[in-house]
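# Report on the structure
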Amino acid sequence: MSDTMRGVYTNITDIRRTVFREVAQIIYKHAQNPDWTLKDFDRAFDELPYKILPHEKATYRTSVFLERAIISERIRLAAGLPLQNINKPTNISEGLADVAAPERYYEPPLINVIKFACNGCKDNVYEVTNMCQGCLAHPCREVCPKHAITFVDHRAHIDQSQCIHCGLCARTCPYHAIYHHVRPCAAACGMHAIGSDEDGHAQIDHSKCVACGQCMINCPFGAIADKSQIVQVIMAILSKQEVIAILAPAFVGQFGAKNDASKLRAAFKKMGFSGVEEVASGADLCSVEEAEDFLREVPDKLPFMGTSCCPAWSSMAKKEFPKYADCISMALTPMVFTARLVHAQHPNAKIVFIGPCSAKKLEAMRTAVRSQVDFVLTFEEVIGMMEACDIDLNSLRGDDSGDFTEASTDGRNFAVAGGVATAVVNVIKRDHLGVEVKADGAQGLDECRKMMKKAARGQYNGFLLEGMACPGGCVAGAGTLVAINRSTNAVHRYAKQSSHPNAVDNKYRSWIPEMEYADDYQSPKMDVADPVDGGQKEDGKDTPSNK
């Protein structure tokens, strides 16, 4: 899986965050203005590309008009709107009235390709570069099984109509003169869900996509983007509803290394949130549940057990290895555990999960989860909201109300690859002395697939397997703000500050038996049968426990 652009602040990064900030600013500044009408909102959105790109000359593309067209599509996606139909005249604001409501959810698909922003990169093509020396041995020609290589003017030439993309020529050339072109987004996609349309532009097969978001952050042209719920969250806040943010364990260090949890709580209060809670508490409950499941079912009922917290890994495993779908833990994810804990004390609150992950947006669209988690925002979307509110974390006085100290060291380390398995193993070691648990894990969906293939061959019988769709774990999610190594170190430092190391010590542990599963939560049949990026529309009421 390609990951060459991570940790590099590029022009595309700046454009993404500018769009989030400007969209949030429109809603914050004008949603409660009694003099503003729907026409005023429409006008503000329609004028936004000119505010973001006020100049007459192109900065990045061939034309400023193309740049504004791309910005326009990003604005629509940031507002939760679908891409425009380029075959008829439309305004950026078309459909805004329908989605600018606190109860509105985006329509699938979540991940979108802005076609006219795509560079049409060559994909899986071998070409001879200027490094070719026209050597006498011609090893590239000799090894080609289809005789697709000839020599013209003492230079190798590949007949693309004959080439079968085996790569033997590239591996054999002593001068490394043959280059393998791979579309960056496709190289980053562990589901192999990205191909080309008839015009050579990237195209996503949504029946395969698990919304890990790696294509978005690896496209050098910023042609892939997901839909956001920024508008809906702010509208819920401004409608005076109780809106509570639950922060994924990866939050540490994302908004500035010097800004501790108390300042972050103050910032969220300033944005209008009623409260802030730590999802690492739910991670503790997930650890205890998975430990009990593992002891009860492996190896007597199941050959192995895979962890549940990463929705992209879980979906991949169930879709591609349906025979072993039951081997992926049915435990509630930390996000859902935490939402249920919050609902126990705030039954009417809107819950906003804030984390590094675009796949969590799909998880929250499941019928059973949707009644628990109302919205999902990434760290990158939240920083746009902070900037829209002119919040400077460094200048804020910390807010120590609430409880950021319940989670264990292991629960807080869920954000880093290996953290989930470690937490589950430590629970077993704590409560079941003498029981030895074998564990392994994989990062990146390609590696997760290899791990599952080994498991299917019986090489992991009796194992606990941790899967993470993003290399490095949740700290490497598509919606993160800082380099993976910095975030990893920050998470580990914060985790050590916990007053208890083991998830067993979480005071909410006794609540687990009361948190019943909804019928379709984590259902293997649902995940295997339904197109993952199709979401799941609410076609009936679902009544999971809110205890």
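Above this note sits the structure.
First, a word on what this report is: a plain description of the structure on this page. (Residues numbered from 1 in each chain as written. Predicted model: local features only at pLDDT ≥ 70, side-chain atom pairs only at ≥ 80, totals over all residues. Heavy atoms only, no water.)

## Topic: the pairing of strand β9 (residues 243-247)
Where we set the bar: Residue burial is assigned from relative accessible area. The probe radius is 1.4 Å, only protein chains are included, and a residue is buried under 20% of its type maximum, exposed over 50%, and partly exposed in between. Strands here are runs of E lasting at least two residues and helices are runs of H or I lasting at least four, both read from the DSSP assignment and numbered beginning at the N terminus. Two strands qualify as a pair provided DSSP detects at least 2 bridges between them.
The element β9 is extensively covered by neighbouring structure, given that five of its five residues are classed as buried. Judged by which residues are buried, β9 turns out to be covered on both faces: V243, A245 and L247 on one side and I244 and I246 on the other are all buried. Here β9 pairs with strand β12 (residues 350-355) via five bridges, running parallel. Paired with A245 across the strands is V352, a residue of β12. As judged from the four bridges shared by β9 and strand β10 (residues 275-278), these two strands associate in the parallel manner. If you follow I246 over to β10, its bridge partner there is E277.

## So, the sheet that holds strand β15 (residues 463-468)
Keep this limit in mind: Should any heavy atoms of two residues lie within 4.5 Å, those residues are considered in contact. Under this scheme, a helix contributes an axis fitted over its contacting stretch, all axes are lines through C-alpha atoms, and angles between N-to-C directions fall in the 0 to 180 degree range.
One open sheet holds the three strands; their spatial order is β11-β15-β14, and the pairing between them is parallel. A single partner strand is all that each edge strand has here, and the edge strands are β11 (305-306) and β14 (438-443). Pairing between β11 and β15: two bridges, direction parallel. Residue M305 lies in a different strand from β15, and its bridge partner there is L464. Sitting on the sheet, helix α19 (residues 445-456) is in contact with β14 and β15, with an inclination near 145° to β14.

## Observations regarding the sheet that holds strand β13 (residues 375-378)
Taken in spatial order, the four strands line up as β10-β9-β12-β13 in an open sheet, and their pairing is parallel. Across the chains shown, the open sheet's two edge strands, defined by having one partner strand only, are β10 and β13. Neighbour to neighbour, the strand axes of the sheet diverge by 25° on average, direction disregarded. Along the sheet face, helix α16 (residues 379-388) touches β12 and β13 and points at about 85° away from the line of β13.

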